Amino acid sequence: MRLNDELRARLRDLRLSARSAAGADGLGMHASRSRGAGLEFAQYRGYEPGDEPRRIDWTLYARSDRYFVREAERDSPLTLWIVIDASASMGFADRARADFSKLDAAKLLAACAIELALRQGDRFGLIALSAGSVRFAPDAAGARQRDRCLLELDQLASTGLLPDTVKLRPLLERVRPGSLVLFLSDGFDDGLTGLALQLAAARRDVLSIQLLGADERDFRFKGGHRFRDPETGAELRVDGAAARADFIERFAAARADLARRFAAAGIVHVEHVLDRPLDEPLRRLFGATQRVSERR
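Residues numbered from 1 in each chain as written. Predicted model: local features only at pLDDT ≥ 70, side-chain atom pairs only at ≥ 80, totals over all residues. Heavy atoms only, no water.

Peer 1: Explanation requested: a nonpolar patch on the surface in the structure shown.
Peer 2: Nonpolar side chains collect at one region of the surface, where Y47, W58 and Y67 lie side by side and expose about 330 Å² of accessible area between them. Within the fold, Y67 resides in the loop between α2 (58–64) and β3 (68–77). (Patch = residues over 30% accessible without salt bridge, like charges linked within 9 Å, V, L, I, M, F, W, Y side chains within 5 Å. Areas by Shrake-Rupley, 256 points an atom, 1.4 Å probe, with all protein chains shown as cover. Salt bridge = Lys/Arg side-chain N within 4 Å of Asp/Glu carboxyl O. Helix = DSSP H or I, 4+ residues; strand = E, 2+ residues; numbered from the N terminus.)

Encoded structure:
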């Protein structure tokens, strides 16, 4: 799962940022709770062996006859977790491009997010959900971690159902507070939606990209068609033209409901349709305009 040069170039002006972290500056960093040498003064503390003499406040020493060092908030890389839905429904592909599924798009979006994290020196990890199981690539930084995650993505196939809530629950402990969590899914599973809402409620910074097909958006089917649920096997025979208006109305209502629930929880949610440029949802999440609006 490698990015081509054209797509990589379109990511050049994008930066990961944690919205919820205090002091976040939109540069993919957040203010750490740890103290140390930095740019923004935080507090004084008593001198300890090993501290750099240049950090001693000599003016305070002259008044107190004791050594104190200046501490500052230290910028530290954020941790990005990518949660990718690889259930059977993510195998959907439009008729116009049968070789490019929702999962293919999700893999490329994940690779793009990994590229951004690598470029900024941030930590990143991967959580893949498929066939009722959870697969982890523990968070780390660097090129070797990128290659490890990309290999996981290459091996990922759209199969089965998503794990149940019992198997998803450990993710709440695995993903630490202050992490940036990016969900890549078609948004059709209530359990995964519930996990995103729980993470947001537990002070994780949650983003969501919902993958949709152009055929789902437009429903340009004519004549008799048989539609099959890839996860349950249930089938429905309908006349495409006759069913179009009802399907579009119900599909739009379901998407709007998901968007409202996520917005109420503080989750930034965008849609991506398979016939659109792949960098569009990333630009909406990580572009300069988005960062400026969040800092206001």
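What follows continues from the structure just given.
Peer 1: What exactly am I supposed to notice about the packing of helix α3 (residues 102–120) against helix α4 (residues 143–155) here?
Peer 2: The description of two helices packed together rests on the angle between their axes and the distance between the axes. Two elements in contact, α3 and α4, have axes whose closest approach is 11 Å; the angle formed by their N-to-C orientations is 175 degrees. By the angle between their axes, α3 is roughly antiparallel relative to α4. Where α3 abuts α4, its residues K107, A110, A111, I114 and L118 lie against A143, R146, C149, L150, L153 and D154. For the contact of α3 with α4, the per-class residue count stands at eight nonpolar, no polar and three charged. (Axes fitted to C-alpha atoms, helices over the stretch in contact; angles between N-to-C directions. Parallel < 35°, antiparallel > 145°, perpendicular 65-115°, else oblique. Contact = heavy atoms within 4.5 Å. Nonpolar A, V, L, I, M, F, W, Y, C, P; charged D, E, K, R; others polar.)

Peer 1: Would you explain the packing of aromatic side chains in this entry?
Peer 2: Geometrically, a pair of aromatic rings is defined through the distance of the ring centres and the angle of the planes. Counted under the stated rule, the structure contains ten aromatic pairs. Ring centres of W58 and Y67 lie 5.8 Å apart, and the angle between their planes is 90 degrees; this geometry places the pair in the edge-to-face category. Y67 sits in the partly exposed class, given a relative accessible area of 40%. Taken together, the ring pairs in this structure connect F188, F219, F221, F227, F247 and F251 into an aromatic cluster. A cation sits over an aromatic face here: R97 above F100, 4.0 Å from the ring centre. (Phe/Tyr/Trp six-rings, centres within 6.5 Å; stacked < 30°, edge-to-face > 60°. Buried < 20%, exposed > 50% of the residue type's maximum accessible area, 1.4 Å probe, protein only. Lys NZ or Arg CZ within 6 Å of the ring centre and 35° of its normal.)

Peer 1: What's the story with the environment of A254 in this structure? I'm lost.
Peer 2: Tracing the backbone shows A254 in helix α9 (residues 240–264). In this structure A254 comes out as partly exposed when scored by relative accessible area, which is 49%. Taking C-alpha positions, A254 is 9.0 Å from F188, a pair spaced 66 residues apart along the chain.

Peer 1: What exactly am I supposed to notice about the nonpolar core here?
Peer 2: Most often, soluble globular proteins keep nonpolar side chains buried together rather than apart. Counting residues in each nonpolar core, the largest one holds 46 residues, and the members touching the most others are L80, L184, I209 and F286. Only β4 (79–85), α3, β5 (123–130), α4, β7 (180–185), β8 (205–212), β11 (268–273) and α10 (279–286) provide two or more residues apiece to this core. Not counting the four nearest positions on each side in its chain, L184 is found in contact with I82, V83, I84, D85, M90, A106, L109, A110, I209 and L211. One finds V181, L192, A196 and L199 within the second-largest nonpolar core, a separate group that totals 20 residues. (Core = buried A, V, L, I, M, F, W, Y, C linked by side-chain atoms within 4.5 Å.)

Peer 1: Can you help me understand the environment of R255 in this one?
Peer 2: Residue placement: R255 occurs in helix α9. Taking the C-alpha atoms as reference points, R255 and E271, separated by 16 residues in sequence, lie 9.1 Å from one another. The residues touching R255, leaving out its near neighbours within four places in the chain, are Q210, L212 and E271.

Peer 1: Could you clarify how one ought to interpret the sheet that holds β8 in this entry?
Peer 2: What links the strands of a sheet is backbone hydrogen bonding, and the strands pair in either a parallel or an antiparallel sense. Taken in spatial order, the six strands line up as β6-β5-β4-β7-β8-β11 in an open sheet, and their pairing is mixed. Either end of the sheet is taken by a strand with one partner, and the two such strands are β6 (133–140) and β11. Across this sheet, the average inter-strand angle for adjacent strands is 15 degrees, counted without regard to direction. α9 contacts β8 and β11 of the sheet and is inclined by roughly 170 degrees relative to β8. Those strands touched by α10 are β7, β8 and β11, and its axis lies near 165 degrees from that of β11. (Pairing = 2+ DSSP bridges.)

Peer 1: How do you make sense of the pairing of β6 when you look at a structure like this?
Peer 2: Residues in a regular strand project their side chains so that they alternate between the two faces of the sheet. Two elements, β5 and β6, share six bridges in a ladder whose sense is antiparallel. Its bridge partner being in β6, I127 is matched across the sheet by F136. In textbook terms, the turn of a hairpin is the stretch between consecutive antiparallel strands, and for β5 and β6 this stretch comprises two residues, one of which, A131, has a positive phi near 50 degrees.

Peer 1: I tried to follow the packing of helix α7 (residues 190–201) against α9 on my own but got confused; where do I start?
Peer 2: At a minimum axis separation of 10 Å, α7 and α9 run at an interaxial angle of 20 degrees. With respect to α9, the axis of α7 lies roughly parallel. For the pair α7 and α9, the crossing hand works out as right-handed. Across the interface between the two elements, T193, A196 and L197 from α7 touch L258, R261 and F262 from α9. Here the residues of the contact of α7 with α9 sort into four nonpolar, one polar and one charged. (Left-handed = near helix turned anticlockwise from the far one by under 90°.)

Peer 1: Would you explain the side chain of H269 in this entry?
Peer 2: Tracing the sequence through the fold places H269 in strand β11. Residue class for H269 comes out buried when judged on its relative accessible area of 16%. A polar contact of 3.4 Å, which involves the side chain of H269, links it to the side chain of Q210. Ignoring sequence-local partners within four residues, the contact set of H269 consists of S208, Q210, L258, A259 and F262. (Polar contact = N/O pair within 3.5 Å; in protein donor to acceptor, adjacent residues only side chain to side chain.)

Peer 1: What is the right way to look at the pairing of strand β9 (residues 224–228) in this model?
Peer 2: Taken across its five residues, β9 has zero buried, putting it largely on the surface. Here β9 pairs with strand β10 (residues 235–239) via five bridges, running antiparallel. Counterpart to R228 in the pairing with β10 is E235.

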